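Per-entry structural report
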Amino acid sequence: NGVTCSRNIKIIFEGKEIILEDGKVKVSDENSNSSCTVDSYSLHTIGLYLSLTFSNGITVIWDKHTRFSVTLDQRWKDKVCGLCGNFNDNTEDDLKTKFNSLASNSIEFGNSWKSTDSCASSVNQTFPCEENPFCSPWATKKCSIITNPNGEFQQCHSKVDPNPYYDACLQEACACDKEGKYLGFCTAVAVYAEACNKAGVCIRWRTPERCPVYCDYYNDDNECSWHYKPCGTLTAKTCSNHTIKKKLSAVIEGCYPKCPETAPYLDENTMECVSLHQCTCLYNGQIYHANENIIGCGNCECTDGRVICESTTATSPT
């Protein structure tokens, strides 16, 4: 129906089934009790998003609601297929069906990639603004923030064409009977804001009335270390100290901490500022406290945010 809305996301990788649902990550690993191995992925909280970086060069970013994106290393160029295209820098042949033929329209393309035959094929494509015409005036008014020549995004228009983002915003915001009225609208505007940030134009577009973000949730009483950053930050030092996270956090909006000198590290598993020896570890989807033994992992324990084993040194950078 023209709306991108992820309800339940399953990622199957090296025997693990990773489920993204209800803002949380759940891991099912059929080999979890057989041996102690380094996690094949790392999980990070970056602003408003969760990032999963896999050992094979694939990074997944999820906003815990409706937005889901996949970024591939160059090694995957022209070696993938499916609903996201073939990653060959040529958008003209992205609509290739499962049978390697070029589809004449998006309906034929989508139907060809059905995972099970029991799913009914789509016949007609009806967009949300056509299904819910009463939502159209609201969507048009709200989404005009993207194209308004005198609005918040005016400095970005010359760098990033706003029209495709405006069209997407209309479709997302028109799905008001499917939570899109707020989630879809906010997601669509956030996508354009991120594109502007990557082009070097930082836009502070959120307000207490429009798609607010409340970072106070993470602050303890009489504390004010968490703040909203519209264009990310590079100052946060994490227990994992992961380079991908630093790269992504430079362009992704959200809540970021200003940790004190006495607790300079952000523990992404607990979302607290801690000292290095207090850092927890995440292994097979379970959080282990500092100096805690890793279950089913032989003589291994969590040390300084990493899984350390006596016989071999293994690190789990999460």
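As a starting point, this report considers the structure included with it. What you see is a predicted model, and the numbers here were worked out from it, not measured in a lab. (Residues numbered from 1 in each chain as written. Predicted model: local features only at pLDDT ≥ 70, side-chain atom pairs only at ≥ 80, totals over all residues. Heavy atoms only, no water.)

Re the overall build of the chain
How we decide: Numbering goes from the N terminus for both helices and strands, where a helix is a DSSP run of H or I of at least four residues and a strand is a run of E of at least two. Residue contacts are defined here by distance: any two heavy atoms, one from each residue, within 4.5 Å place the two residues in contact. Per-residue and other accessible areas were derived by the Shrake-Rupley procedure at a 1.4 Å probe size, with only the shown protein chains allowed to occlude residues.
Along the chain, the regular secondary structure elements total six helices and 15 strands. When contacts within the chain are restricted to residue pairs at least 6 apart in sequence, those whose partners lie at least 24 apart make up 48%. Entry remark: accessible area of the chain is about 17,600 Å², with carbon and sulfur atoms responsible for 50%.

A short note on the sheet that holds strand β7 (residues 68–72)
Going by this rule: Strands were regarded as paired on the criterion that DSSP finds at least two bridges between them. Between N-to-C directions, angles span 0 to 180 degrees; the directions come from axes that are lines fitted to C-alpha atoms, helices contributing only their stretch in contact.
In spatial order, the strands read β4-β5-β6-β7; together these four strands make up an open sheet with antiparallel pairing. Where the open sheet ends on each side, the last strands, each with one partner, are β4 (41–46) and β7. Taking the axes of each pair of neighbouring strands and ignoring which way they run, one obtains an average angle of 20 degrees across the sheet. Direction of pairing for strand β5 (residues 49–54) relative to strand β6 (residues 58–62): antiparallel, over a ladder of four bridges. Its bridge partner lying in β6, T53 is registered against T59.

Quick look at the pattern of salt bridges
Once the charged atoms of two side chains with opposite charge are near each other, the side chains can pair. This is how the line gets drawn: By salt bridge we mean one thing: a side-chain nitrogen of Lys or Arg within 4 Å of a carboxyl oxygen of Asp or Glu.
For the coordinates displayed, the defined rule picks out six salt bridges. Across the pair R210 and E152 runs a salt bridge whose closest N-O atoms are separated by 2.8 Å. Linking R210 in the loop between α5 (183–198) and β8 (226–229) with E152 in the loop between α3 (136–147) and α4 (163–173), this pair joins segments that are 58 residues apart in sequence. When salt bridges with common partners are traced through the structure, they connect R67, E194 and K198 into a single cluster.

Regarding α4
To keep it simple, the criterion reads: Partly exposed residues are those whose accessible area sits between 20% and 50% of the maximum for their type, while under 20% is buried and over 50% is exposed, using a 1.4 Å probe and protein chains only. Directions from the helix axis toward the C-beta atoms define the arc.
When α4 is considered as a whole, its buried residues turn out to be Y166, C169, L170, E172 and A173. Each buried residue of α4 sits inside an arc of 170 degrees when the element is viewed along its axis, so together they form one side. Those residues of α4 that are buried lie in contact with α2 (128–131), α3 and α5.

Concerning the pairing of β7
Regular strands place side chains that alternate from one sheet face to the opposite one. Alignment of β6 against β7, held across five bridges, turns out to be antiparallel. Across the sheet, the residue bridging to T59 is T71, located in β7. Hairpin connection between β6 and β7: a loop of five residues separates the two successive antiparallel strands, and K64 in this loop has a positive phi of roughly 70 degrees.

Things to note about the packing of α4 against α5
Note the cut-off: When describing relative orientation, an angle under 35 degrees is termed roughly parallel and one over 145 degrees roughly antiparallel, while 65 to 115 degrees is termed roughly perpendicular and anything else oblique. Should the near helix be turned anticlockwise from the far one by less than a right angle, the crossing is termed left-handed; should it be turned clockwise, right-handed.
Where α4 meets α5, the closest approach of the two axes is 7 Å, and the angle between their N-to-C directions is 165 degrees. When the axis of α4 is compared with that of α5, the two are roughly antiparallel. Between α4 and α5 lies a crossing whose hand is right-handed. Here Y165, C169, E172 and A173 of α4 come into contact with α5, specifically with G184, F185, A188, V189, V191, Y192 and A195.

Quick notes on the state of the cysteines
What counts, and what does not: Criterion for a disulfide: a pair of cysteine sulfur atoms within 2.5 Å.
Scanning all chains against the criterion turns up nine disulfides. Between the sulfur atoms of C143 and its disulfide mate C169 the distance is 2.1 Å. Around the S-S axis, the bridge from C143 to C169 shows a dihedral of about -80 degrees and counts as left-handed. Of this pair, C143 sits in helix α3 while C169 is found in helix α4, placing the two residues 26 residues apart along the sequence. For the pair C143 and C169, one class covers both residues: buried. Note that C239 is cross-linked by a disulfide to C279, the S-S spacing being 2.0 Å. Since a negative S-S torsion denotes a left-handed disulfide, the C239-C279 link at about -75 degrees is left-handed. Here the residue C239 occupies a position in the loop between β8 and α6 (243–249), and C279 occupies one in the loop between β11 (272–274) and β12 (281–283), the gap between them amounting to 40 residues. Classification of C239 as buried rests on a relative accessible area of 6%.

Remarks on the nonpolar core
Here is a general trend for soluble globular proteins: nonpolar side chains tend to be buried in one another's company. Formally: Put simply, buried Ala, Val, Leu, Ile, Met, Phe, Trp, Tyr and Cys residues joined by side-chain atoms within 4.5 Å make one nonpolar core.
If you look at the biggest cluster of nonpolar residues, it comprises 34 residues, and the most contacted ones within it are F153, F185, V189, W205 and I252. Breaking this core down by element, the ones donating at least two residues are α3, α4 and α5. Looking at this core element by element, the count peaks at nine residues for α5. Among the nonpolar cores identified, the runner-up in size contains 14 residues, and I11, L20, L52 and L282 belong to it.

A closer look at the packing of α3 against α4
Selection rule: Following the grouping adopted for this structure description, the nonpolar residues are Ala, Val, Leu, Ile, Met, Phe, Trp, Tyr, Cys and Pro, the charged ones are Asp, Glu, Lys and Arg, and the polar ones are all others, Gly among them.
Contact geometry of α3 with α4 gives a least axis separation of 9 Å together with a crossing angle of 155 degrees. Comparing their axes, α4 and α3 come out roughly antiparallel. Between α3 and α4 lies a crossing whose hand is right-handed. Residues W138, A139, T140, C143, S144, I146 and T147 of α3 pack against N163, Y165, Y166, C169, L170 and A173 of α4. A class-by-class count of the residues in the contact of α3 with α4 yields nine nonpolar, four polar and no charged.

Considerations on the packing of aromatic side chains
Quick reminder of the rule: Aromatic rings from Phe, Tyr and Trp, with only the six-membered ring used for Trp, were paired whenever their centres fell within 6.5 Å, and each pair was classed as stacked if the ring planes differed by under 30 degrees, edge-to-face if by over 60, and tilted otherwise. Lysine and arginine charges are scored as sitting over a ring when NZ or CZ, respectively, is within 6 Å of the ring centre and within 35 degrees of the ring normal.
Counted by the stated rule, this structure contains four aromatic pairs. Ring geometry for F153 versus Y192: centroids 5.1 Å apart, planes at 45 degrees, classification tilted. In this pair, F153 sits in the loop between α3 and α4 while Y192 sits in helix α5, placing the two residues 39 residues apart along the sequence. For F153, a relative accessible area of 0% puts it in the buried group. Seen from their ring centres, Y165 and Y192 are 4.9 Å apart, and the 45 degrees between their planes marks the pair as tilted. Taken together, the residues Y165 in helix α4 and Y192 in helix α5 connect sequence positions 27 residues apart. Its relative accessible area of 24% is what places Y165 among the partly exposed residues. Take Y192: its relative accessible area is 0%, and that puts it in the buried class. Over the aromatic face of F87 sits the side chain of K77, whose NZ or CZ is 5.5 Å from the ring centroid.

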